[in-house]
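The lines below spell out each chain.
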Amino acid sequence: SAVISQKPSRDICQRGTSLTIQCQVDSQVTMMFWYRQQPGQSLTLIATANQGSEATYESGFVIDKFPISRPNLTFSTLTVSNMSPEDSSIYLCSVEDPGVNTEAFFGQGTRLTVV
Amino acid sequence: GQNIDQPTEMTATEGAIVQINCTYQTSGFNGLFWYQQHAGEAPTFLSYNVLDGLEEKGRFSSFLSRSKGYSYLLLKELQMKDSASYLCAVRANDYKLSFGAGTTVTVRA
């Protein structure tokens, strides 16, 4: 199994600012994903972040708003840029390692409130 | 894309059994997951099905029928701590997960 450390666990930010969320895994993993969970909603995939390639974004999400880094096989960051109250959500990173594990593992999430 | 349906809410009594159904329509299938999520916390893995049939893990079991696009999660001997949201998620061939809206289970004493 993979253990994921995600930080910060929560933050309250002013609108117009940016927040970078870090995801550290205790083993090398091929695939990392970033999800958003808005209040009362289920999880929605933001982007896929695989090492050695540019992140690929889902419909409705763009790189300028959610830039992602994946410098190595154990680490990734997601930045929420120019925040507005609508960005208030829980952000979660997830990892999968095809051929090693069958399940997707999740970080503990970052609860973001934009005021 | 994926279309995943599950009931919004279910209520059951402590010690009882509850079955949460999930139906899906998918353009590619590479497994179905059930996750438990308590309020304010990250989802935790419960079960995984990729072949038809029943997978049993303690008090929790999950069933899959790929031809029918159908799964269920069975929770037995319900405990108060089982009150949570249960998420059905389908994995596509590119390993992306698509989640249902979640079923909130309330266990009453």
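In what follows, the accompanying structure is described. Every value quoted in this text rests on a predicted model; they were computed, and no experiment measured them.

Quick notes on the rules
- Numbering of residues begins from 1 in every chain and follows the order in which that chain's sequence is written.
- Chain labels run from A onward and ligand labels from 1 onward, assigned in the order the entries are written.
- Restriction of local features to residues with pLDDT of at least 70 applies here, the model being predicted, together with a cutoff of 80 or more for giving and counting side-chain atom pairs; totals for whole chains, interfaces and linings are based on all residues.
- Only heavy atoms go into the side-chain values, all of them from the structure, while hydrogens and water stay out.
- Definition used in this section: a nonpolar core is a set of buried Ala, Val, Leu, Ile, Met, Phe, Trp, Tyr and Cys residues joined via side-chain atoms within 4.5 Å.
- Type-normalised accessible area, obtained with a 1.4 Å probe on protein chains alone, sets the label of each residue: buried when under 20%, exposed when over 50%, and partly exposed for intermediate values.
- Only DSSP runs of H or I reaching four residues or more are called helices, and only runs of E reaching two or more are called strands; each is numbered from the N terminus.
- The contact rule is simple, with two residues in contact once any of their heavy atoms fall within 4.5 Å.
- Note on aromatic pairs: the rings of Phe, Tyr and Trp (six-membered ring only in Trp) are paired at centre separations within 6.5 Å, and the planes decide the class, stacked below 30 degrees, edge-to-face beyond 60, tilted for the rest.
- For cavity detection a 1 Å grid was placed over the protein atoms alone, and a set of points counts as a cavity when a 1.4 Å probe fits there but cannot get out; an open set counts as a pocket when protein lies on both sides within 12 Å along at least five of seven lines, with lining residues being those that have an atom within 4 Å of a point.
- Grid points are joined across faces, edges and corners, and a volume is the space filled by probe spheres set on the points.
- Each residue gets one of three labels, nonpolar for Ala, Val, Leu, Ile, Met, Phe, Trp, Tyr, Cys and Pro, charged for Asp, Glu, Lys and Arg, and polar for the others, Gly among them.
- Salt bridges are defined by distance alone: a side-chain nitrogen of Lys or Arg within 4 Å of a carboxyl oxygen of Asp or Glu.
- Buried area: the sum, over both parts, of the accessible surface (1.4 Å probe) that disappears when the two are put together.

## What about the nonpolar core?
So, step 1. Of all hydrophobic cores here, the largest spans 25 residues; its most connected members are Trp 34, Ile 46, Leu 78, Tyr 91, Val 95 and Leu 112 of chain A.
So, step 2. Residue assignment for this core shows that the elements contributing at least two residues are strand 3 (19-25), strand 4 (31-37), strand 5 (43-50), strand 8 (75-80), strand 9 (89-96) and strand 11 (110-114) of chain A.
So, step 3. Here this core takes 4 residues from strand 3 of chain A, the largest share from any one element.
So, step 4. Not counting the four nearest positions on each side in its chain, Ile 46 of chain A is found in contact with Trp 34, Tyr 35, Arg 36, Thr 56, Tyr 57, Glu 58, Phe 61, Phe 66, Leu 78 and Tyr 91 of chain A.
So, step 5. Counting residues in hydrophobic clusters, the runner-up holds 21 residues, among them Ile 4, Leu 32, Leu 73 and Ala 84 of chain B.

## Quick notes on the packing of aromatic side chains
So, step 1. On inspection of all chains with the given rule, the structure shows 16 aromatic pairs over all chains.
So, step 2. Note on Phe 33 of chain A and Tyr 35 of chain A: the rings are 6.5 Å apart at their centroids and 45° apart in plane angle, and the pair reads as tilted. Accessibility classification places Phe 33 of chain A together with Tyr 35 of chain A in one group, the buried group.
So, step 3. Taken together through their ring pairs, the aromatic side chains of Phe 33, Tyr 35 and Phe 106 of chain A together with Phe 33, Tyr 35, Phe 45, Tyr 48 and Phe 99 of chain B make up a single cluster.

## So, the layout of surface pockets
So, step 1. Quantified by volume, the largest pocket comes out at close to 410 Å³.
So, step 2. Lining the largest pocket are 23 residues, with Gln 37, Pro 39, Gly 40 and Gln 41 of chain A together with Gln 37 of chain B positioned closest to its centre.
So, step 3. Sorting the residues of the lining of the largest pocket by element identifies strand 9 and strand 11 of chain A together with strand 9 (84-91) of chain B as the ones contributing at least two each.
So, step 4. By residue number, the principal contributor to the lining of the largest pocket is strand 11 of chain A, which donates 3 residues.
So, step 5. Grouping the constituent residues of the lining of the largest pocket by class yields 6 nonpolar, 15 polar and 2 charged.
So, step 6. Counting residues per element, the ones that place at least two in the lining of the second largest pocket are strand 5 of chain A together with strand 1 (2-5) and strand 10 (97-99) of chain B.
So, step 7. Among the residues making up the lining of the second largest pocket, the classes are represented as 7 nonpolar, 8 polar and 3 charged.

## A short note on the pattern of salt bridges
So, step 1. Applying the stated criterion across every chain, the model contains 7 salt bridges over all chains.
So, step 2. Across the salt bridge formed by Arg 59 of chain B and Asp 82 of chain B, the nearest N and O atoms sit 2.8 Å from each other. On the criterion of sequence distance, the pair formed by Arg 59 of chain B in the loop between strand 6 (53-57) and strand 7 (60-65) and Asp 82 of chain B in the loop between strand 8 (70-75) and strand 9 is long-range, its members being 23 residues apart.
So, step 3. Its relative accessible area of 19% is what places Arg 59 of chain B among the buried residues.
So, step 4. Connected through shared salt-bridge partners, Glu 58 of chain A together with Asp 94 and Lys 96 of chain B make up one network.

## Quick word on the interface of chain B and chain A
Accessible area lost during the coming together of the parts is what is often quoted as the interface size.
So, step 1. Every contact between the two is made by 17 residues of chain B and, on the other side, 20 residues of chain A.
So, step 2. Roughly 1,500 Å² is buried in total at the junction of chain B and chain A, and carbon and sulfur atoms are behind 57% of that figure.
So, step 3. Among the residues of chain B in contact with chain A, Tyr 95, Lys 96 and Phe 99 of chain B are the three that bury the most area, contributing 33% of the side total.
So, step 4. Inspection of the chain B/chain A interface yields 2 salt bridges.

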